[in-house]
Number of protein chains: 2
Amino acid sequence: MKHTYAGAGVNINAADRTKARLKDIVRTTFRPEVMTDIGHFGGMFRVPEGFKQPVLVSSVDGVGTKLKVAAAFGRFDTVGQDLVNHCVNDILCCGALPLFFLDYIAMGRLVPERVEVLVQGLATACKAQNCALVGGETAEMPGIYRGDDFDLAGTIIGVVEQGSILDGRSILPGDAVFGLSSSGLHTNGFSLARKVLARVPLDRHVPQLGTTLGDALLQIHCCYLPALKPALPLLKGLAHLTGGGFEGNIPRVLPDGTAVRLQRGSWPVPQIFRLIQEKGKVDESEMYRVFNMGIGMVAICAAKRADELLAKVPEARRIGEVVQAGEKGKPRVIFD
Amino acid sequence: MKHTYAGAGVNINAADRTKARLKDIVRTTFRPEVMTDIGHFGGMFRVPEGFKQPVLVSSVDGVGTKLKVAAAFGRFDTVGQDLVNHCVNDILCCGALPLFFLDYIAMGRLVPERVEVLVQGLATACKAQNCALVGGETAEMPGIYRGDDFDLAGTIIGVVEQGSILDGRSILPGDAVFGLSSSGLHTNGFSLARKVLARVPLDRHVPQLGTTLGDALLQIHCCYLPALKPALPLLKGLAHLTGGGFEGNIPRVLPDGTAVRLQRGSWPVPQIFRLIQEKGKVDESEMYRVFNMGIGMVAICAAKRADELLAKVPEARRIGEVVQAGEKGKPRVIFD
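Small disclaimer: the values here were computed from a predicted structure and weren't measured.

Notes on the sheet that holds strand E4 (residues 132–140) of chain A
- In spatial order, the strands read E4(A)-E3(A)-E5(A)-E2(A)-E1(B); together these 5 strands make up an open sheet with mixed pairing. This sheet does not close on itself; its edge strands, each paired only once, are E4 of chain A together with strand E1 (43–46) of chain B. Neighbour-to-neighbour, the strand axes of the sheet open up by a mean angle of 20°, direction not taken into account.
- Judged from the 8 bridges that link them, strand E3 (residues 97–107) of chain A and E4(A) form a sheet pairing that is parallel. The residue bridging Asp103(A) from the neighbouring strand is Gly136(A), located in E4(A).
- Its contacts with the sheet put helix H3 (residues 79–92) of chain A on strand E2 (54–62), E3 and strand E5 (150–161) of chain A, and the angle it makes with E5(A) is roughly 30°.

Right, dumping it as structure tokens:
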């Protein structure tokens, strides 16, 4: 038998056609610092001027098994936005603004139209946050990904002035803790959500949710950059509530000896979380360890600047305060 | 039935233990510009000083289905090196030197020991090329990856002085073309190789190869930075022979109106390629379109500087020259 590369499941021509389609899409995201089209061996981006000591802040993320829900529901234009927004939020926690992004898409069989829709999602979110999509890899991996399965990951590079890095070091007992609403699960907790809700069809309208289950689960991960950018100079710390929920993320920005005390009930918990909790009989504490429970980003500032913060970020909601960590001293989250 | 996150296939405690093990490994790669340990929301890296106009050069890649061979052969310490070296070579084609790297590892079930070996491979190659491993995402995705299947991708960020960017623009007919030997398949063509060689056990010693099939296939992707760094000022263009082989990669750095004429036979083709070709009855032209056939990197310089290049890069081998592209004018590769 005679083999060709295409016969072994990898189609170089399809890959070439895909690249051509993507070129026009990614070009919409370019900023003046971008020096290349895609196609050369690396994406080129001039370090922006005007910084005394620029620090590059980078983060890599995936979308997790939210991809399985997207595939099952046949909606591929939103997961790219989830991914970019997730990454933008992560570097925002260091005080950084986005510069550029690179994506990785892997499938069992390359479907150019599918890749195009995924990249369109990435480009939409990149453009909205002034982030250039300078590179990407589309890998065709027969034997690893089956059927419609695929993976989508990405890396963001941003920049912050060294003197403006947000690292939580100045956080003190008495500081005010604010929360910004999430749009739903964002990109975390899907393995549990999928297991618990496996028997509910994604296209079924769920009265408790006011929408279909698929629509509720695929709500796009919020990007907090537009809301928080004007308030960055006021802030002492930001924590993006991703995998690990409250306890897994807030302590990452707390200095030793401090803890955060949150008033449960000071914000509304979206119905999608209640649905998961009820259907799965999940402990309340486990819910707060896995999910964001309606708070996608936590912002901390001095109590005396709280009014100023609320004036600049009217969507922020006061949900607690910084306290002393007590005897053990390890940063943690205490729920009232 | 009561659900916990661990019961749904995602183990946050295992993820935490893994992070702790990785911390010590990645720290060995840190350069003075690195400003954070892992754990915060982004990796921080000071833009190096001493550049007039620094340009960031980035690239994202995966390892492709070489991962399937690694998993089947039970060898997980080399694919990380493949990935980093691949990325280093890509940005080297723009004249850039590495700054930092971020990885993405996805598995069906998180096995901390497995992740540790993979990251050790990444760190080994990063350290060798003075590239800091500043971030990584380890995603546990039950339902997408089955059994021992996993995926590994990474993004590199490097820097080049704007005036020293290597873009092939000055390449002219008459220029000399050099090749640097590959160590084997590097990270391309594995879907075809696996299909053709499916019946040969990986642990079988193959006399034609002088080693086991597994050892031959898993030879680590060469890194050409140490060899080529001293010669960068002499070069007009570099092409890394990855997916698409000669025709897919060399034209990426050629200006319109030029072509590269290569003398087949001017370099030895490693036996692994002959084995694949014979077993699969693959056309010679298809072989050169899919595989690197023994040349991992192509370097182009002015003919009058060829001796100087050979003095600085003794392992380079003259394999052809730049010619006029002829009537159609599209950059291409012509084999004698």
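Thoughts on the domain arrangement of chain A
All names here are of chain A.
- Considered domain by domain, chain A is made up of domain 1 (12–40 + 52–164) and domain 2 (176–335).
- The centre of domain 1, based on its C-alpha atoms, is set 25 Å off from the matching centre of domain 2.
- Contact residues are listed per partner, giving 23 residues for domain 1 and 23 residues for domain 2.
- Every element with two or more residues in the side of domain 1 that touches domain 2 is listed here: helix H2 (66–73) and H3.
- Counting residues per element, the side of domain 1 that touches domain 2 draws most heavily on H3, at 8 residues.
- Among the residues forming the side of domain 1 that touches domain 2, the class breakdown is 9 nonpolar, 9 polar and 5 charged.

A word on the relation of the copies chain B and chain A
- Taken as rigid bodies, chain B and chain A are interconverted by a rotation of 180° and an axial shift of 0.0 Å, the fit giving an RMSD of 0.0 Å. Here the copies are linked by what is in effect a two-fold axis.
- Residue by residue, 99% of the interface of chain B is reproduced at the interface of chain A, so both copies engage with the same surface.

Observations concerning the interface of chain B and chain A
- Facing the 69 residues of chain B at the interface are 68 residues of chain A.
- Considering every element that reaches the side of chain B that touches chain A, the biggest residue donor is strand E2 (residues 54–62) of chain B, with 9 residues.
- When grouped by side-chain class, the residues that make up the side of chain B that touches chain A number 34 nonpolar, 23 polar and 12 charged.
- The pairing of E2(A) with E1(B) spans 4 bridges and is antiparallel. Opposite Val55(A), over in E1(B), you have Arg46(B) as the bridge partner.

Reading guide: rules and limits
- Residues numbered from 1 in each chain as written.
- Chains lettered and ligands numbered in written order.
- Predicted model: local features only at pLDDT ≥ 70, side-chain atom pairs only at ≥ 80, totals over all residues.
- Pairing = 2+ DSSP bridges.
- Helix = DSSP H or I, 4+ residues; strand = E, 2+ residues; numbered from the N terminus.
- Axes fitted to C-alpha atoms, helices over the stretch in contact; angles between N-to-C directions.
- Contact = placed C-beta atoms within 7 Å.
- Domains from an automatic or database assignment.
- Nonpolar A, V, L, I, M, F, W, Y, C, P; charged D, E, K, R; others polar.
- Least-squares fit on C-alpha atoms with pLDDT ≥ 70 in both.

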